[in-house]
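Fold and geometry: a report
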Amino acid sequence: MDSLSPPEPPRSEQDVVLGPPPPVRRIVIDRDPTVVAPPAANGNAPQARAGALGLASSLRRPEPSPGPKVERMRTESVSIAYGEKPAVSGVTLPVRQGEVLALIGPSGCGKTTLLRSLNRLVEITPTATRSGRITLDGEDIDRMEVTALRRRVSMVFQQPNPFPTMSIYDNVAAAARFNGVVRGRSQTDDLVESCLTRAALWSEVKDTLGKSGASLSGGQQQRLCIARALAVNPEVILMDEPCSALDPLATLQIEQLARELTEQYSIVIVTHNMQQAARVSDETIFMSVDEERAGYVVETGSTAEIFTNPKNTITEDYITGRFG
Amino acid sequence: MTPPPTGISDGWPLRDRVGYCAAWGAGLTLIGVAAAIVIYMAYRGTQYFDLGLLLESPNATLNQAQSGGFRDPIVGTAILLVLSTLIAAPLGVTIAVWLTEYGRPRWLARTVESAVEVVAGTPSIVLAMFGLVFFQQQWLGFLTFDAEGGAVLGRSFIAAAAMMSLIALPLVVGATREALNAIPGHVREASYALGKTKAATIRRVLLPAARPGIGTGTALGMGRVAGDTAIVVVLLGATLQILNGGGGSVFGLFRGTGSTLTSYVYYNSPAGEGLAPEKAYFAAFVLLVVVILLNFVVTRIAHGKDPGWTR
């Protein structure tokens, strides 16, 4: 797949207006982007989220939606391969404003790869190739400047990974400062406080902002990483098994946080934990892998539906723990 | 849980007992040798201990009352350390960053690696001879001391420091690469995921995290530079006193020739011309202290801070 052709020259007037085609890369753009009007005022009106996310009642009751949700990101027939080995084949999925989308499925089904393609982080693997189209507010992400895309589509990783040489303060401030989100000390102070507050960490660290980020506990570090991801003012937040390195209490905090953040952001979360998907997400995509196909979507639907009334037997087997 | 065995036990086969004793013996012998060097040099050095020697310029005479001290060699050592570190550290860090973070095309990266190994393996006298041939070229005359009539001798602090930096370079490259490789991939990804460019990631995240490694490599390199003699004898002229190469300016000083503690020891000890053996012992002791101090700095840097990676 190394010989993939460069992006095709612009065909519609729209592209001509958008300027010259991006530099040659190995990712194929199949079609021109379909432009959809971006949502007004960052999506839906905030909804009050009751904190009823206890471990006991795994499945949240879906809240009444005020109408169709705005689609922020979309993948269309996305296939990804590492060298000759396919990892994801032909995945089409929507990411909607104000929702948590969970990607579940057995190990090796390409959930993480798919997630990493949403902010083009998959490209840093030298052998990775991708086809299909991914859009953010209708704009093809392959035509966006990659650093700009990653600021709009931020990410939280499996391992808490605060920058080790930076203080708690600098961990949050560094990205924003570098990206020009804030200028000057007082603006930065405000941003750090607001991000740490939204990440439910402020009260625990407000007196020790100068300490190293690595000095915090695992759960705190992960919340620091979430605060850092918020500091670049993203629109979509990707979470790659954010709780797999954490204890149950820290997991609960992160899950609650994810719920609260849906008021402002779209969240895509990869998880191995069925209960977590049931607790946190509004929509669930179940992916699987078999001998014939790598990383394909078995079933998509609202979380309530997938967990109570799966249409596909593979989904049912997986959710009830019979495989995977 | 049973504690690990601490001493030789009856059940051990002979081979293990011999190995055990050999390991202890080798360790103790090394300690003995190191202690002998330090104690003997300290004994001989302090016998002729005279702080005034540190401030006096040396003179080439057998009359010990007039042979002076070794201020110039100390200053020379310092100049050489600073100049060669200024060349080796940035160059070494750049090479290490390129090798670990870019390293494409592969063949070029492998060639660079081999080149670093070749430089590391070249004896310093060979580097010195090469440096002499190189800096004797007429067009490089402005960097070195020129004799009356304009003959380019190819000798100066600049020439010596340039070749000395090659001794330090592989150590800087090695330690920096090791430090960069020790940074888990997810730290880089965290930076990219925030919209940082690769250059910004290297500058703001990776290099600060690799600082202890860079410091260790640089200090080790400085230790080697302070201790090398061949390059000083060949490329610095080993004139006891510092001779300014032009007009008394700083650049003139760097163009000039001089000596270091190593060349001073060599010429004044019975091994060389034996001009002032007692002073040579004191100078050798001072040199030993300098190198031990540099090693101490290395240990402090290396163990100073645990980066606390989560893996």
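**Some points on the interface of chain B and chain A**
Every contact between the two is made by 22 residues of chain B and, on the other side, 28 residues of chain A. Across the chain B to chain A interface the summed buried area is about 2000 Å²; carbon plus sulfur atoms make up 67%. Three residues, Glu189(B), Ala193(B) and Leu194(B), lead the burial of chain B against chain A; their summed loss comes to 30% of the area buried on that side. Here chain B and chain A share 1 salt bridge between them. In this structure, the salt-bridge partner of Arg116(A) is Glu189(B), at a minimum N-O distance of 2.8 Å. The interface formed by chain B and chain A contains 2 residue pairs in polar contact (both at pLDDT 80 or more). Considering every element that reaches the side of chain B that touches chain A, the biggest residue donor is helix 6 (residues 185-193) of chain B, with 7 residues. Class assignment of the residues belonging to the side of chain B that touches chain A gives a composition of 11 nonpolar, 6 polar and 5 charged.

**Some thoughts on the sheet that holds strand 5 (residues 139-140) of chain A**
All names here are of chain A. The strand order across the open sheet formed by 4 strands is 2-1-4-5, and the pairing between neighbours is antiparallel. One side of each edge strand has no neighbouring strand; the edge strands of this open sheet are strand 2 (85-96) and strand 5. Bridge count between strand 1 (residues 71-82) and strand 4 (residues 128-136): 8 bridges; the pairing is antiparallel. Across the sheet, residue serine 79 finds its bridge partner in strand 4, namely serine 131.

**With respect to a positive patch on the surface**
On the surface, a cluster of positive charge is made up of Arg104(B), Arg106(B), Arg110(B) and Lys198(B). Along the chain, Arg106(B) falls in helix 3 (residues 106-121).

**Points about the nonpolar core**
Of all hydrophobic cores here, the largest spans 53 residues; its most connected members are Met73(A) and Val268(A). Top element by residues in this core is helix 7 (residues 198-227) of chain B. It accounts for 6 residues. Counting residues in each nonpolar core, the second largest holds 49 residues, with Cys195(A), Ala258(A), Ile267(A) and Met274(A) among its members.

**Some thoughts on the pairing of strand 4 of chain A**
Residues and elements named next belong to chain A. Of all 9 residues in strand 4, 8 are buried; the element is thus mostly enclosed. Pairing geometry for strand 4 and strand 5, over 2 bridges, is antiparallel. For threonine 135, the partnering residue across the bridge sits in strand 5 and is aspartate 140. Turn length for the strand 4-strand 5 hairpin, with the two strands adjacent in sequence and antiparallel, is 2 residues, and the turn residue aspartate 137 shows positive phi of about 50 degrees.

**Points about the side chain of Thr284(A)**
Residue and element names in this part refer to chain A. If you trace the backbone, threonine 284 turns up in strand 9 (residues 283-288). Note on threonine 284: relative accessible area 0%, which makes it buried. Looking at threonine 284, its side chain comes within polar contact range of the side chain of serine 281, at 3.3 Å. Discounting residues that sit within four places of it in the chain, threonine 284 has contacts with Leu101, Ala102, Ile104, Glu299, Thr300, Gly301, Ser302, Thr303, Ile306 and Phe307.

**A closer look at the confidence of the model for chain A**
The pLDDT averaged across chain A works out to 80; a share of 78% of its residues lies at or above 70. Note that residues 40-56 of chain A has pLDDT below 50 and, in this model, 29 contacts with residues that lie over four places away or in other chains.

**Looking at the packing of aromatic side chains**
If you walk through the whole model with that rule in mind, you get 8 aromatic pairs over all chains. Judged by centre distance (5.2 Å) and plane angle (50 degrees), the ring pair of Phe70(B) and Tyr264(B) falls under tilted. One end of the pair, Phe70(B), is in the loop between helix 1 (14-47) and helix 2 (71-102); the other, Tyr264(B), is in helix 10 (residues 261-268), with 194 residues separating them in the sequence. Assigned by exposure class, Phe70(B) and Tyr264(B) land together as buried. Of the aromatic side chains, those joined through ring pairs into one cluster are Phe70(B), Tyr264(B) and Phe282(B). Here Arg228(A) stacks its cationic end above the ring of Phe163(A), 4.4 Å away from the centre of that ring. Positioned over the ring face of Tyr281(B) is Arg44(B), at 4.1 Å from the centre of the ring.

**Things to note about the packing of helix 2 of chain B against helix 7 of chain B**
Residues and elements named next belong to chain B. At a minimum axis distance of 9 Å, the contact between helix 2 and helix 7 shows a crossing angle of 135 degrees. Comparing their axes, helix 7 and helix 2 come out oblique. As for how helix 2 packs across helix 7, the hand of that crossing is right-handed. Within the contact between the two elements, helix 2 uses Leu80, Leu81, Ser84, Thr85, Ala89, Val93, Val97, Glu101 and Tyr102 and helix 7 uses Lys198, Ala199, Ile202, Leu206, Leu207, Ile214, Thr218, Met222, Val225 and Ala226. Taken together, the residues that form the contact of helix 2 with helix 7 break down as 14 nonpolar, 3 polar and 2 charged.

**Overview of the sheet that holds strand 10 (residues 296-302) of chain A**
Residue and element names in this part refer to chain A. Taken in spatial order, the 6 strands line up as 6-7-8-3-9-10 in an open sheet, and their pairing is mixed. Only two strands of the sheet have a single neighbouring strand rather than two, namely strand 6 (153-156) and strand 10. Neighbour-to-neighbour, the strand axes of this sheet turn through a mean angle of 20 degrees, independent of strand direction.

**Some remarks on the pattern of salt bridges**
Residue and element names in this part refer to chain A. Taken as a whole and judged by the stated rule, the model has 20 salt bridges over all chains. One salt bridge in this structure joins arginine 74 and glutamate 76, with 3.6 Å as the shortest N-O distance. For arginine 74, a relative accessible area of 26% translates into the label partly exposed. What makes glutamate 76 buried here is its relative accessible area of 18%. With a closest N to O distance of 3.0 Å, glutamate 235 and arginine 152 form a salt bridge. With glutamate 235 in the loop between helix 7 (218-231) and strand 7 (236-240) and arginine 152 in helix 3 (residues 146-152), the pair connects residues that are 83 residues apart, well separated along the chain.

**Digging into the packing of helix 7 of chain A against helix 8 (residues 248-261) of chain A**
All names here are of chain A. Contact geometry of helix 7 with helix 8 gives a least axis separation of 9 Å together with a crossing angle of 20 degrees. What the angle tells us is that helix 7 and helix 8 run roughly parallel. The two elements helix 7 and helix 8 meet at a crossing, and its hand is right-handed. Between helix 7 and helix 8, the contacting residues are Gly219, Gln222, Arg223, Ile226 and Leu230 on the first element and Ala250, Gln253, Ile254, Leu257 and Leu261 on the second.

**Side note on helix 8 of chain A**
With 14 residues, helix 8 of chain A extends 20 Å between its outermost C-alpha atoms, agreeing within 8% with the 20 Å of an ideal straight helix rising 1.5 Å per residue. For helix 8 of chain A, the N-terminal capping position is held by Asp247(A), with its side-chain oxygen 3.0 Å away from the main-chain nitrogen of Leu249(A).

**Quick word on helix 5 (residues 157-181) of chain B**
All names here are of chain B. Its 25 residues give helix 5 an end-to-end C-alpha distance of 35 Å, which sits within 8% of 36 Å, the value for a rise of 1.5 Å per residue. Taken as a whole, helix 5 carries its principal kink of about 35 degrees at alanine 168; the proline proline 170 stands between one and four residues after it. Most of helix 5 sits inside the fold, with 19 of its 25 residues counted as buried. For helix 5, the capping residue at the N-terminal end is serine 156, with a side-chain oxygen 3.2 Å from the backbone nitrogen of isoleucine 158.

Thresholds, definitions, all that
Every residue gets a number counted from 1 within its own chain, in the order that chain's sequence is written. Working convention: letters from A go to chains and numbers from 1 go to ligands, in the order in which they are written. Local features in this predicted model are restricted to residues of pLDDT 70 or higher, and side-chain atom pairs are both shown and tallied only at a pLDDT of 80 or more, whereas totals for entire chains, interfaces and linings draw on every residue. Hydrogens are left out, water is left out, and the side-chain values use all remaining heavy atoms of the structure. We call two residues contacting when some pair of their heavy atoms lies within 4.5 Å. Note on terms: buried area is the combined drop in 1.4 Å-probe accessible area of two parts once they are placed together, counting the loss on both. Salt bridge, as used here: a side-chain nitrogen of Lys or Arg that lies within 4 Å of a carboxyl oxygen of Asp or Glu. Definition of a polar contact: a pair of N or O atoms within 3.5 Å, with one able to donate and the other able to accept a hydrogen when the atoms are protein atoms, and with sequence-neighbouring residues admitted only if both atoms are side-chain atoms. A run of DSSP states H or I qualifies as a helix once it reaches four residues; a run of E qualifies as a strand once it reaches two. Both are numbered from the N-terminal end. Just so you know the grouping, Ala, Val, Leu, Ile, Met, Phe, Trp, Tyr, Cys and Pro go in nonpolar, Asp, Glu, Lys and Arg go in charged, and all remaining residues, Gly too, go in polar. In this description, strands pair whenever DSSP reports at least two bridges between them. Here a patch means residues that are over 30% exposed by relative accessible area and free of salt bridges, tied together within 9 Å if like-charged and within 5 Å if nonpolar (Val, Leu, Ile, Met, Phe, Trp, Tyr). To be clear on the numbers: accessible area is Shrake-Rupley with a 1.4 Å probe, and residue cover counts the displayed protein chains and nothing else. His is not counted, nor are the chain ends, whereas Lys and Arg count as positive and Asp and Glu as negative. To locate a charge, take atom NZ for lysine, CZ for arginine, CG for aspartate or CD for glutamate. The definition of a nonpolar core used throughout is a set of buried Ala, Val, Leu, Ile, Met, Phe, Trp, Tyr and Cys residues joined through side-chain atoms within 4.5 Å. Exposed residues in this analysis have more than 50% of their type's maximum accessible area, buried residues have under 20%, and partly exposed residues fall in between, with area computed by a 1.4 Å probe over protein chains only. The predictor reports its confidence for every residue as pLDDT, a score running from 0 up to 100. Only Phe, Tyr and Trp rings are paired, with Trp represented by its six-membered ring, and only when their centres lie within 6.5 Å; those with planes under 30 degrees apart are stacked, over 60 edge-to-face, the remainder tilted. Placement of a charge over a ring requires the Lys NZ or Arg CZ to be within 6 Å of the ring centre, with the centre-to-atom vector within 35 degrees of the ring normal. Axis geometry follows a simple rule: fit a line to the C-alpha atoms, using only the stretch in contact for helices, then measure angles between N-to-C directions, giving values from 0 to 180 degrees. Any angle from 65 to 115 degrees is called roughly perpendicular, while one under 35 is roughly parallel, one over 145 is roughly antiparallel, and all others are oblique. In this scheme the handedness of a crossing depends on how the near helix is turned from the far one: anticlockwise by less than a right angle means left-handed, clockwise means right-handed. Here the expected length of a helix is defined as 1.5 Å per residue gap, with one fewer gap than residues. To get the bend at a given residue, fit one axis to the seven residues ending there, fit another to the seven starting there, and take the angle between those axes.

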